[in-house]
Amino acid sequence: MDRRTFLSSLSAAALTSQLGRAANGKPWNILMMFSDDHAWQAVSAYGGGLFKTPHIDRIAHEGVRFDQCLVTNSICAPSRAVVLTGKHSHLNGVPDNAASFDGSQQTFPKLLQKAGYQTAMIGKWHLKSDPTGFDHWEVLPGQGHYYNPDFLIKGGKHRREGYVTDIIGDLTLDWLKNGRDPNKPFMLFSQHKAPHRNWMPAPNKLWMFEGEDIPEPKTLFDNYKTRAKPAYLQEMEIDRHMRWNHDMKVPEWAERSFGKNDGNAEIPRMTPEQRRQWDAAYGPRNAKLFKDNPQGRDLVRWKYQRYIKDYLRCISSVDDNVGRVLTHLDAAGLAENTLVVYSSDQGFYLGEHGWFDKRWIYEESLRTPLVMRMPGVIERGSVNRNLVSNLDLAQTFLDVAGQPQPSDMQGASMLPVMKGEPVKDWRKSFYYHYYEKGVHNVAPHDGVRTDRYTLAHFYETKEWELYDLTRDPHQINNVVDDDAYQNVVKELKAELVRLRKHYKVDG
Ligand code: CA
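Note on numbering: residues in each chain are counted from 1, in written sequence order. Residue-level local features of this predicted model are given only where pLDDT is at least 70; pairs of side-chain atoms are given and counted only at 80 or more, and the full residue set underlies all totals for whole chains, interfaces and linings. Side-chain measures were taken over the full set of non-hydrogen atoms in the model, leaving aside hydrogen atoms and water.

### So, the pairing of strand β4 (residues 118–123)
Consideration 1: Here β4 lies mainly inside the structure; six of its six residues are buried.
Consideration 2: The pairing of β4 with strand β5 (residues 136–139) spans four bridges and is parallel. Opposite A120, over in β5, you have H136 as the bridge partner. Each residue is assigned to one of three classes by its accessible area relative to the maximum for its type, calculated with a 1.4 Å probe on protein chains only: buried under 20%, partly exposed between the two thresholds, exposed over 50%. Counting from the N terminus, the helices are DSSP H or I runs at least four residues long and the strands are E runs at least two residues long. Pairing between two strands requires that DSSP report at least two bridges joining them.

### Topic: the nonpolar core
Consideration 1: In this structure, M33, Y307, Y311, L312 and L350 are the most contacted members of the largest nonpolar core, which totals 72 residues.
Consideration 2: Within the residue set of this core, elements represented by two or more residues are β1 (29–35), α2 (54–61), β4, α6 (164–179), β8 (186–191), α9 (272–292), α10 (296–331) and β9 (338–344).
Consideration 3: With residues up to four places along the chain from it excluded, the contact list for L312 reads A42, L50, F51, F209 and I214.
Consideration 4: Residue types Ala, Val, Leu, Ile, Met, Phe, Trp, Tyr and Cys, when buried and joined through side-chain atoms within 4.5 Å, form a set referred to as a nonpolar core. Counting residues in hydrophobic clusters, the runner-up holds 47 residues, among them V94, A115, F397 and L398. Any two residues having at least one pair of non-hydrogen atoms within 4.5 Å are treated as being in contact.

### Observations concerning the domain arrangement of the protein chain
Consideration 1: Assigned domains within the protein chain: domain 1 (18–199 + 309–426) and domain 2 (439–502).
Consideration 2: Segment limits for the domains were obtained from an automatic or database-derived domain assignment. Just the C-alpha atoms count here: the centres of domain 1 and domain 2 sit 29 Å apart.
Consideration 3: Three residues, R359, I361 and Y362, lead the burial of domain 1 against domain 2; their summed loss comes to 42% of the area buried on that side.
Consideration 4: Salt bridge, as used here: a side-chain nitrogen of Lys or Arg that lies within 4 Å of a carboxyl oxygen of Asp or Glu. At the junction of domain 1 with domain 2, the criterion picks out two salt bridges.
Consideration 5: One salt bridge connects R385 with D451, and the closest N-O pair in it is separated by 3.9 Å.
Consideration 6: We call two N or O atoms a polar contact when they sit within 3.5 Å, provided that within protein one can donate a hydrogen and the other can accept it, with sequence-adjacent residues counted only if both atoms are side-chain atoms. Our count for the domain 1 to domain 2 interface comes out at seven residue pairs in polar contact (both at pLDDT 80 or more).
Consideration 7: Looking at the side of domain 1 that touches domain 2 residue by residue, the class counts come to seven nonpolar, two polar and seven charged. By definition, the buried area sums, over both parts, the 1.4 Å-probe accessible area that each loses when the two are put together. Put simply, Ala, Val, Leu, Ile, Met, Phe, Trp, Tyr, Cys and Pro go in the nonpolar bin, Asp, Glu, Lys and Arg in the charged bin, and everything else, Gly too, in the polar bin.

### What to know about α2
Consideration 1: Buried within α2 we find I56, D57, I59 and A60. The buried residues of α2 occupy an angular sector of 150° when the element is viewed end-on, so they sit on one face.
Consideration 2: Turning to α2, the residues buried within the fold contact β1, β2 (64–66), α10, β9 and β10 (370–373). Picture the helix axis, draw a direction to every C-beta atom, and the arc is the one those directions span.

### A few points about the pattern of salt bridges
Consideration 1: In the structure shown here, the tally under the stated rule is 36 salt bridges.
Consideration 2: Between R227 and D222 there is a salt bridge, with the nearest N and O atoms lying 3.4 Å from each other. The two residues R227 and D222 agree in class, both being buried.
Consideration 3: Of the charged contacts, one joins R449 and E363 as a salt bridge, the two residues approaching to 2.8 Å between their closest N and O atoms. Here R449, found in strand β14 (residues 445–450), pairs with E363, found in helix α11 (residues 363–366); they are 86 residues apart in sequence, far enough to count as distant.

Right, dumping it as structure tokens:
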């Protein structure tokens with residue numbers, strides 16, 4: 001062994017000696033399965049009652065379910081930038097979906113790479129610039145497609161035949177079996193496109209829920225009576241803003257759609273056999289719609305059923321592929337020293353307040369599902385109600401790997417919380433900020449969420465809202481002008497000022 005090889009093996013040994021290790025003495029692997037727009041109401045471990053997600057539930061049953069995982073900015077690309085950097089949007093450079101991620105900045109995968117980890121990113125990326133900090137990546141361009149999707153690799157692009165969620169599952173398993181270096185710990189992101197709009201189910205899910213009705217949310221016909229102006233101005237209602245071709249899969253009514261360009265780009269991508277199966281499922285259902293021709297609230301109810309069934313069918317494929325990965329971890333002897341995480345980039349409206357989409361500080365889009373399994377560290381079947389966040393994931397993963405947490409990251413390691421230890425100084429209030437001015441016309445706003453209250457500030461119209469989650473869990477009664485809440489309003493406004501300063505929002 002020459003001197004250089006000797007020194008390099010010495011420094012590699014020094015690096016691996018610092019890694020966080022599982023009970024079997026091996027360094028922790030980190031596997032994050034991450035989906036796009038998966039509402040916590042549509043994870044059966046959260047008790048929503050819509051349908052079953054047995055494999056995602058398995059992670060919760062063998063680990064922990066976080067009941068208050070809040071995102072800092074409820075929209076796709078910004079959430080991903082927060083996860084990678086551990087910083088709020090105004091510091092990581094991705095406040096909205098129009099921004100491109102600056103891949104030269106510090107990210108936790110880069111730090112894990114330096115610590116000796118092998119890193120990989122497979123599936124939905126959505127940050128415009130090429131991924132950095134990954135030894136291996138194969139990602140969808142932009143939003144990607146559900147049917148026969150294109151994938152980007154370094155310096156190239158190719159099309160893979162099949163359904164996107166199953167392909168991402170295949171690529172994940174292939175990397176775990178054949179792509180990784182078994183002598184190194186790994187950090188793998190397996191990121192699904194589903195269940196993002198336009199909710200195109202797989203051929204093998206087209207007949208799920210046939211003849212069934214999915215329960216409607218209590219606020220499907222919300223009239224926004226107590227709210228500030230932005231709720232009246234949004235364009236995300238099932239009633240008025242669903243597109244008949246793109247979203248509802250009724251091309252015959254495309255000209256009735258809100259807005260223009262009501263095409264469905266997935267249909268021309270299908271193989272003749274995929275197209276045959278698609279038409280066999282939707283043709284007769286649409287023929288019945290034309291015959292019944294529902295009106296008013298009955299039509300909204302019909303649209304809700306079409307939407308929620310397609311959405312849940314997409315999630316069913318995600319759940320199947322989570323199951324395939326868990327089965328492989330067992331078979332390959334990796335389960336004991338792998339932290340497994342399932343989460344989504346944000347929550348989503350499943351008809352609550354009459355909406356689809358996300359963006360608001362309200363619960364359905366602010367909260368995201370987060371379940372984790374870490375044998376010997378996380379107690380099986382535990383439930384946690386701390387205010388945790390996608391802002392905390394970077395520091396959590398570094399901590400699990402035994403690595404220092406950079407002082408410019410803005411979250412906190414969740415590891416003590418995951419262990420079930422009482423953490424006295426854990427955050428009691430959470431700062432939220434939505435910036436995008438674009439589709440769906442949701443006004444920019446920031447605000448504070450505590451265990452009990454949500455204070456929203458729509459700063460362009462200088463309006464405020466306050467919700468008391470204890471008395472009003474569905475957030476239909478804005479009490480910001482109610483005499484009984486004036487002390488709360490005062491305290492939370494002061495807290496908002498403090499948080500903006502703490503996170504350097506105001507420079
Ligand atoms: Ca998303």
